[in-house]
Amino acid sequence: MIGVGDMVLLEPLSEDSFINNLKKRFDHSEIYTYIGSVVVSINPYRPLPIYSPEKVEEYRNRNFYELSPHIFSLSDEAYRSLRDQDKDQCILITGESGAGKTEASKLVMSYVAAVCGKGAEVNQVKEQLLQSNPVLEAFGNAKTVRNDNSSRFVKKMLWQKLTPMTLSLDLLEKSRVVKQPRGERNFHIFYQILSGASEDMLNKLKLERDFSRYNYLSLDSARVNGVDDAVNFRTVRNAMQIVGFMDHETQSILEVVAAVLKLGNIEFKPESRVNGLDESKIKDKNELKEICELTGIDQSVLERAFSFRTVEAKQEKVSTTLNVAQAQTKVRKKVMGVLDIYGFEIFEDNSFEQFIINYCNEKLQQIFIELTLKEEQEEYIREDIEWTHIEYFNNAIICDLIENNQTGILAMLDEECLRPGTVTDDTFLEKLNQVCATHQHFESRMSKCSRFLNDTSLPHSCFRIQHYAGKVMYQVEGFVDKNNDLLYRDLSQAMWKANHSLIKALFPEGNPAKINLKRPPTAGSQFKASVATLMKNLQTKNPNYIRCIKPNDKKAAHIFNEALVCHQVRYLGLLENVRVRRAGYAFRQPYELCLERYKMLCKQTWPHWRGPARAGVEVLFNELEIPKEEYSFGRSKIFIRNPRTLFKLEDLRKQRLEDLATLIQKMYRGWKCRTHFLLMKRSQIVIASWCRRYAQQKKYQRIKSSAIVVQSYIRGWKARKLLRELKHQKRCKEAATTIAAYWHGTQVRREYRKFFRANAGRKIYEFTLQKIMQKYFLEMKNKMPSLSPVDKNWPARPYLFLDSTHKELKRIFHLWRCKKYRDQFTDQQKLIYEEKLEASELFKDKKALYPASVGQPFHGAYLEISKNPKYKKLKDAVEEKIIIAEVVNKINRANGKCASRIFLLTKNNVLLADQKSGHIKSEVPLGDVTKVSMSSQNDGFFAVHLKEGSGAAGKGDFLFSSDHLIEMATKLYRTTLSQTRQKLNIEISDEFLVQFKQDKVCVKFIQGNQKNGNIPTCKRKNNRLLEVAVP
């Protein structure tokens, strides 16, 4: 482990060692560190590979200290406490803006969603929970000078029994709507709707895409680097649908957003009445008209609500006019109020907003210390360990200075707002100087304390409070007005009259049936009540803490600003938290886990302890001779006082583990050698038996073959003897027949000589020829060869004078049977034979590989892409008919190595796709293919030359190796000819040039021994030569 994972065990403990340990772990990408059960998180400002599903499973159902510190460990501990112990849980994430609080909350939510169960309903709830983040960030986050996605509201994640998670949102910073500090911008939703909404939607919302058209949007920071507001708007719309917003509800929300944007464009002009009173009128009523159309409010009603105020006293109502300042204030007051809870805010100009935010942080710090001490004390009491009182700084005195009902700053501010007469910020400061002058944490130049009279760093219109995080100076200007936060009844009633359902629901106090004449509570009182409710809620839950730290102000990775981190460590009270944990016992662990971890250090407990776990731990510690003042036995845990004792146990365990590893290695090596010897012995017996069997089989085969040879010679001698006798009998019979034929012929000629005339010889000749031809054709009928066109057999010529007839008859017969054979062909078979004929014309007597391809049919689709579900994605991507689909080896242009690719030839293109994923790597139009080169050897190597300047020729020509080279080249030639009407050049040479980017490289074929069968081996010799070794 890098550094110390738990600060409680840090030795020695000081502020410098604390910061150095954080820096050491941060430099090694270890951003999480424990303080007991508290997780300290440092924002890395870069993605880290520590949040994968594998990590979730690694931390699932594991003990808190079992693995290295991680936010998943705290999330799992809280979730298991809720699930198994039925304890309500809360996770409190605090830190400065930009410290990573929002990301931490997302990680907690994603972890709980991953482990909280399965099922259709549960999965739907988890999906809604995760998709709520984009919606919350759009309406509650904004860019600040410290953070591009700063949360401007409080998000409490409460896990309760029988529910996976509940999100509670509170204290939204409403004042950001009407005014933003320099370098910051309004809430994200305003920029997203203008950037991502369609033109039709903008027309319906009566908006324009130009940011400069709206006074509520700051223009100096309207665009944020790395943020696409248009894409984010589509994400928000989709997330709202998943969360459960209906279409009409989403439209209503967007209409309210549009109305707020246009509300900022309303301007007032001053006018004087007859009685001398000032009143205000709206300059341009076009904006007012569009607002009324969006919200469904009558224009005259809304205009009167903006310009008049009704005062009711003693059952009488009086309408008074508002001047320009009051009217403009009235427009802003509904959306004003600065409420934030994350981290102390200390700016150059601090006002009412920073005051109440820092007050809330004081309350959080107070409850953090109280709950930490309470948890520590309860564990000591539960384990029956003597409790030692711990001294710590109690910031209750600061909280009392702010929230005391009689003399607190908020109480005096409310009193100033409620009292009659002239009330200003100066009168409020004067009252503070009178009441809080002697308070040790309050400072003012106007107070009675003389030590601040000459403090030039403290202006006269300011006061300073010494918070636990440091001194903060507040400008008193605006405190009274911001605390009032008034909304006149006229405007509430006008909004309640709207036909817009959402607007009407947002202003229930405008209902005439529920008119309340009581003055509404001030902003400070509302905030104080909300903080009190939050504190009460936290005290009823089991707390879990994540303290987020910002390493630098540049939002840059790998930068650790020690001064900035030290300031955050101080005001977060982390060092004080460590001291609280270490004041009693620095480390505690259940007896079972302690015995399981350290049992190998004692012979009596190793390897198995049969008795109770506590007795085993006692035996273990006595054996190790650890001083008794260094530890105490609780009811279920062992408590160790000093971290050095724990480090000693760890060192002893590490050494013992090395000894045990050596022992295990020794035993394993002995077992392995014995097993190997027994295996060799059994193998020797088996080999000997097989050798003897083989020798006997060979001997039997020799005897058998000798007997067969002798038998064959005897049978041959008998057969030859019988053949000689049969031949002699046949010759005798033929001789007698010949003599008889000649004798009969002589007798006939002698008998009929007297009847012959002068042309008798010619007729005899013609008769004889006729008989000979008749005999010839009859014999040919019986000796006809088969109808196969490849059958070259033909009967021998019987007479010399029939030589030309015999050849012509052979030619005619061959043509006839070829026609009969062709008539049986289908269209597909005709195409195949046409391709075979084309291949013969291209490669016969030119390519040594051609004879072997003659007998192989051209299938084309060797991969059956349409039937194989593995290539469904590839099939969908290719819309044309696939002529050939084959796996080829693509030769790397740089080093000559091969990579498998899917070669697809379609009607118009040549495509290359990845064999595993089916993703298309390259697409070459047939018009860009100029030539195909190959060697004359018996190999499948070929090059596809591309047209220079084409889009596909960026990296150069392609080199391939295929088992179906002849088929691929033939189909490519025929397809190119069909589409481009130009013949593709087929070059057959043992040396040819190819184009690699800007270089021409010579490909040379040489003879060599192949390690991979007949696959050619390519080797890049230099920038100009590529040698291909072929068998």
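Residues numbered from 1 in each chain as written. Predicted model: local features only at pLDDT ≥ 70, side-chain atom pairs only at ≥ 80, totals over all residues. Heavy atoms only, no water.

The protein is annotated in an unreviewed UniProt entry as Myosin IB of Terrapene triunguis. Taken from UniProt, the Sequence similarities (unreviewed entry) comment for the protein reads in full: "Belongs to the TRAFAC class myosin-kinesin ATPase superfamily. Myosin family." (UniProt positions renumbered as here; feature names shortened; annotations may be inferred.)

1. Thoughts on the packing of aromatic side chains
Tallying each qualifying case throughout the model produces 28 aromatic pairs. Pairwise contacts between aromatic rings join Phe352, Phe355, Phe428, Phe442, Phe463, Tyr474 and Phe479 into one cluster. Sitting above the plane of the Tyr191 ring, Arg185 keeps its charged end 4.1 Å from the centroid. Over the ring of Phe958 we find Arg893, and its NZ or CZ is 5.1 Å from the ring centre. (Phe/Tyr/Trp six-rings, centres within 6.5 Å; stacked < 30°, edge-to-face > 60°. Lys NZ or Arg CZ within 6 Å of the ring centre and 35° of its normal.)

2. Considerations on the sheet that holds strand E19 (residues 882-891)
The strand order E22-E21-E20-E19-E25-E24-E23-E26 describes an open sheet built from eight strands, whose pairing is mixed. Looking along the sheet, the strands with just one partner apiece sit at the ends: strand E22 (920-925) and strand E26 (985-988). With strand direction ignored, the average angle separating the axes of adjacent strands in the sheet is 30°. Bridge count for strand E23 (residues 929-934) against E26 is four bridges, and the pairing is parallel. Bridge assignment links Ser933 to a residue of E26, and that residue is Glu987. (Pairing = 2+ DSSP bridges. Helix = DSSP H or I, 4+ residues; strand = E, 2+ residues; numbered from the N terminus. Axes fitted to C-alpha atoms, helices over the stretch in contact; angles between N-to-C directions.)

3. Re the UniProt feature "binding site: ATP" (unreviewed entry) in the protein
The UniProt record marks Gly95, Glu96, Ser97, Gly98, Ala99, Gly100, Lys101 and Thr102 with the feature "binding site: ATP" (unreviewed entry), using the residue numbering of this structure. With respect to the helices, strands and loops of the structure, Gly95 is situated in strand E3 (residues 89-95). For Gly95, a relative accessible area of 2% puts it in the buried group. Mapped onto the elements, Ser97 comes out in the loop between E3 and helix H4 (101-115). (Buried < 20%, exposed > 50% of the residue type's maximum accessible area, 1.4 Å probe, protein only.)

4. Examining helix H31 (residues 965-980)
Note that an α-helix has 3.6 residues per turn; residues three or four places apart therefore point the same way. Its 16 residues give H31 an end-to-end C-alpha distance of 22 Å, which sits within 8% of 22 Å, the value for a rise of 1.5 Å per residue. Once H31 ends, the next one or two residues include Arg981, with phi positive near 60°. (Expected span 1.5 Å × (residues − 1).)

5. Points about unusual backbone geometry
With an omega dihedral of -15°, the bond running from Glu11 to Pro12 counts as a cis peptide bond. Residue Pro607 is bonded to the preceding Trp606 through a cis peptide linkage, with omega at 0°. Inspection of the secondary structure assignment puts Pro607 in the loop between helix H23 (591-598) and helix H24 (613-624). The backbone of Ser29 sits at a positive phi, close to 65°, despite the residue not being glycine. Following the sequence through the fold, Ser29 ends up in the loop between helix H1 (15-27) and strand E1 (32-35). Even without being glycine, Arg981 reaches a positive phi, approximately 60°.

6. Remarks on the sheet that holds strand E27 (residues 991-996)
Read across the sheet, four strands follow the order E27-E28-E30-E29 without closing on themselves; strand pairing throughout is mixed. With partners counted over all chains shown, the strands left at the sheet margins are E27 and strand E29 (1017-1022), one partner each. Sheet twist, expressed as the average angle between the axes of neighbouring strands with direction ignored, equals 30°. Bridge count for E29 against strand E30 (residues 1025-1030) is five bridges, and the pairing is antiparallel. Paired with Lys1019 across the strands is Glu1027, a residue of E30.

7. Observations concerning the nonpolar core
Counting 84 residues, the largest nonpolar core has Phe18, Leu22, Ile35, Phe355, Phe463, Ile549 and Phe621 as its most contacted members. Top element by residues in this core is helix H13 (residues 352-382). It accounts for ten residues. Counting residues domain by domain, this core receives three or more from each of domain 1 (7-264 + 531-583) and domain 2 (587-641). Beyond its immediate sequence surroundings of up to four residues, Phe621 is in contact with Cys594, Ile626, Tyr631, Ile638, Ile640 and Leu649. Counting residues in hydrophobic clusters, the runner-up holds 50 residues, among them Val178, Tyr191, Val260 and Met495. (Core = buried A, V, L, I, M, F, W, Y, C linked by side-chain atoms within 4.5 Å. Domains from an automatic or database assignment. Contact = heavy atoms within 4.5 Å.)

8. Examining the pairing of strand E18 (residues 637-640)
One ladder, built from four bridges, connects strand E16 (residues 587-590) with E18; its direction is antiparallel. When the bridges of E18 are listed, Phe587 appears paired with Ile640. Examined bridge by bridge, strand E17 (residues 631-633) and E18 share three bridges and lie antiparallel to one another. Pairing of Tyr631 across the sheet is with Ile640, part of E18. Hairpin geometry of E17 and E18 is characterised by an intervening segment of three residues between the two adjacent antiparallel strands.

9. Overview of the pairing of E23
Where a strand is regular, its side chains alternate between the two sheet faces. As defined by bridge partners, E23 adjoins strand E24 (residues 941-946) across five bridges and the pair is classed as antiparallel. By the bridge assignment for E24, Lys931 is matched with His945. In this structure, the hairpin formed by E23 and E24 is closed by a connection of six residues.

10. Quick look at the packing of helix H9 (residues 247-263) against helix H10 (residues 285-295)
Contact geometry for H9 and H10: axes closest at 9 Å, N-to-C directions at 165°. As judged from the angle between their axes, H9 and H10 are roughly antiparallel. Classified by chirality, the crossing of H10 by H9 is left-handed. Of the residues in H10, those in contact with Glu255, Ala258, Ala259, Lys262 and Leu263 of H9 are Glu287, Glu290, Ile291, Leu294 and Thr295. (Parallel < 35°, antiparallel > 145°, perpendicular 65-115°, else oblique. Left-handed = near helix turned anticlockwise from the far one by under 90°.)

11. Notes on the environment of Pro459
Mapped onto the fold, Pro459 is located in the loop between strand E12 (442-444) and strand E13 (462-467). Each C-alpha atom of the pair Pro459 and Arg445 lies 6.9 Å from the other, and the pair is 14 residues apart in sequence. If sequence neighbours within four positions are ignored, Pro459 has contacts with Arg445 and Met473.

12. Re helix H27 (residues 803-823)
Look at H27: 30 Å from first C-alpha to last across 21 residues, which is about the 30 Å you get at 1.5 Å a residue. All of the buried residues along H27 are His806, Phe813, Arg817 and Cys818. Seen from one end, H27 has its buried residues packed into an arc of 135°, which puts them on one side. Set apart from the buried face of H27 by more than 90 degrees, the exposed residues are Ser804 and Asp823. (Arc of directions from axis to C-beta.)

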